Structures are given as structure tokens and as C-alpha cells.
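# Remarks on the overall topology
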Amino acid sequence: MLRIKSIDTYYGHVHAIKDISLEIKSGEFVTLIGANGAGKSTLLKSIIGLQPVSNGEIEFLGQRIEANSSDSIIRQGISIVPEGRRVFPDFTVAENLAVSARARRSSTAEMKSDIEKVLIQFPKLKERWKQKAGTMSGGEQQMVAIGRALMGRPKLLLLDEPSLGLAPLIVAELMVKLKEIHAAGTTILLVEQNVTLALKIAQRGYLMETGEIIATDTTENLLSSDVIRKAYLGMEE
Ligand SMILES: Nc1ncnc2c1ncn2[C@@H]1O[C@H](COP(=O)(O)OP(=O)(O)O)[C@@H](O)[C@H]1O
Ligand SMILES: [Mg+2]
């Protein structure tokens, strides 16, 4: 579904993504883990066209997308739940979802049917329909952010550290939701700083360090690998 071939991304002189290649097959649940500053967010931004790549190729469903605008990539079927959620705080839940539908140039009928699907996934949002997103709890805002990303029914959903700052119980609920979204047919690339959590929920993982992929395997193998156990799970040899 997604094939990244040897991409590089720079912020001025900062070489944030160094010759990264990565593949996601249709129906997979993949995680991208790594320390702060490794380049995880930059990789997601490069995929969705928010940060230009300086060379290499990104192919989505057989089409080259690395030169496309973010809007067109979203319309082609990739959605992102950005770091820090970033809902529109002064907009109601309804308005937050409508903004997404407009950005996708959905028709009124498409928007209605997308909203219905999102509300089936997140029934709690129905109760908060007219509430301003900024007055909701972190977990509820995350639902709005995910709901917004699901408008237009993306084939590939990118999530950037959705568990950050949420209480453990809320994180557990969120992970159940992600599993449901995946089971319903959406391919997922989950970026997480919570390595244990990410490796438990995903099927396959990539480990990034200073702009490079340094390991990739099934999550089962990664969980028992030395590099993960020592560096991320705090286990001694
Ligand atoms: N807007 C920016 N301008 C300059 N450097 C940036 C910018 N955003 C990120 N970086 C740098 O790029 C590297 C990767 O950052 P990022 O992708 O945010 O990492 P992660 O998401 O893994 O924490 C870091 O060295 C960071 O300082
Ligand atoms: Mg990040």
C-alpha cells in the first residue's frame, strides 16, 4: 500500500530523515518507535506532504505521491492524527468534523454518511456534539482528532503519539478503538513513545534512531530483542 524508497528530509541544515525505506501492506498495523528527536514526526509529515522530501520516492497504492500537496494526498486516502491532537478548540465537535469534510471537498451526502460512521465508532462524540472541543478532556479531544481523521474513510491512518498525556485508563480505551478501526479495514501506522504499548498492539514495527531505521521486525521479535529491551524497556542484559 505504502512504499517509501530511500527518502531524505531536511530542515535547513538539519538532516532529519536519512535514506529511509519502509513498506506497509494493505491491512497491516505497523508501529514506528524511537526516542524523542529520532525523526518519527518528520517521517509522518513527509508521507502526508507537510514536509518536502529532498530525494527518494513515496508510492501510495501504486502512485508516486512525494511531490503532491498535502490536500491531494489526503484525498488519495491517507489521514493523519497529528502530534498534540490539535483540534480546533473554539469549534464544536460537529464543526471540527465538518472542517475535515470541507477540506476533502466531500459532498453533503458523503459528509453525512462519514459522520454517521464516525459516531458509530465514537458514540461518546454524539453526546458532545455541540460542545466546544477546547472544553473537552484530553481523551475526548483525541477522539475528535481521530474522528476528524476518519472522515472521508482513509485507507491509511497515521497517528502521531496519540497516547501522550493521557491517563492509563484512557490510553487503554484508545488502544481498543485503534484495534476496532484496524479490524474495520483501515491500515494503520502508529508512532508511539510508549514502546511497550505500541509493540503490544501492532503487528510489525520499525525502530528509528537519529533519522535512520535501525531495526525492523515483527513486534513479537522486537519485544524480545536486545536493542529494545536495553534501550526502551529498561531491562538489563
Ligand atoms: N520545524 C523544525 N525545524 C528544524 N528542525 C526540526 C523541526 N522539526 C523537527 N526538527 C528536528 O528534526 C529532528 C527530528 O524531529 P522529530 O521528527 O520531531 O522527531 P520525533 O518525532 O521522533 O521526536 C530533531 O532533531 C528535531 O530537532
Ligand atoms: Mg514527534
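Now for a quick tour of the structure. (Residues numbered from 1 in each chain as written. Chains lettered and ligands numbered in written order. Predicted model: local features only at pLDDT ≥ 70, side-chain atom pairs only at ≥ 80, totals over all residues.)

When you go through the chain residue by residue, the secondary structure sums to ten helices and ten strands. Relative to the 2.2 N^0.38 estimate, which gives 18 Å for 237 residues, the radius of gyration of the chain is 18 Å and therefore close to what a compact globule would have. Along the longest, intermediate and shortest principal axes, the C-alpha atoms of the chain span 50 × 40 × 30 Å. Taken across its 237 residues, the chain has 39% of its residues classed as buried. (Helix = DSSP H or I, 4+ residues; strand = E, 2+ residues; numbered from the N terminus. Rg over C-alpha atoms; globule rule 2.2 N^0.38 Å. Buried ≥ 20, exposed ≤ 12 C-beta atoms within 10 Å, placed from the backbone.)

Glancing now at the pairing of strand β1 (residues 2–11). Where β1 lies against strand β2 (residues 14–24), seven bridges are found, and the strand directions are antiparallel. Within β2, the position partnered with R3 by the bridge is E23. What sits between β1 and β2 in their antiparallel hairpin is a turn of two residues, with G12 showing a positive phi close to 60 degrees. Relative to strand β4 (residues 55–60), β1 runs antiparallel, the two sharing five bridges. Within β4, the residue paired with L2 across the bridge is F60. (Pairing = 2+ DSSP bridges.)

Time to look at the packing of helix α3 (residues 93–103) against helix α4 (residues 108–121). The relative placement of two packed helices is expressed as an angle between their axes plus a distance between the axes. Between α3 and α4, the shortest axis-to-axis distance is 10 Å and the interhelical angle comes to 135 degrees. Classified by the interaxial angle, the pair formed by α3 and α4 is oblique. Judged by the sense of rotation from one axis to the other, the crossing of α3 with α4 is right-handed. From α3, L97, A98 and A101 reach across to α4, where they touch M111, D114, I115 and V118. Class assignment of the residues belonging to the contact of α3 with α4 gives a composition of six nonpolar, no polar and one charged. (Axes fitted to C-alpha atoms, helices over the stretch in contact; angles between N-to-C directions. Parallel < 35°, antiparallel > 145°, perpendicular 65-115°, else oblique. Left-handed = near helix turned anticlockwise from the far one by under 90°. Contact = placed C-beta atoms within 7 Å. Nonpolar A, V, L, I, M, F, W, Y, C, P; charged D, E, K, R; others polar.)

Time to look at the site of ligand 1. In the vicinity of ligand 1, the contacting residues are Y11, V14, A16, G34, N36, G37, A38, G39, K40, S41 and T42. No other element matches the three residues that helix α1 (residues 40–47) contributes to the shell around ligand 1. Looking at the shell around ligand 1 residue by residue, the class counts come to four nonpolar, six polar and one charged. (Near = placed C-beta within 6 Å.)

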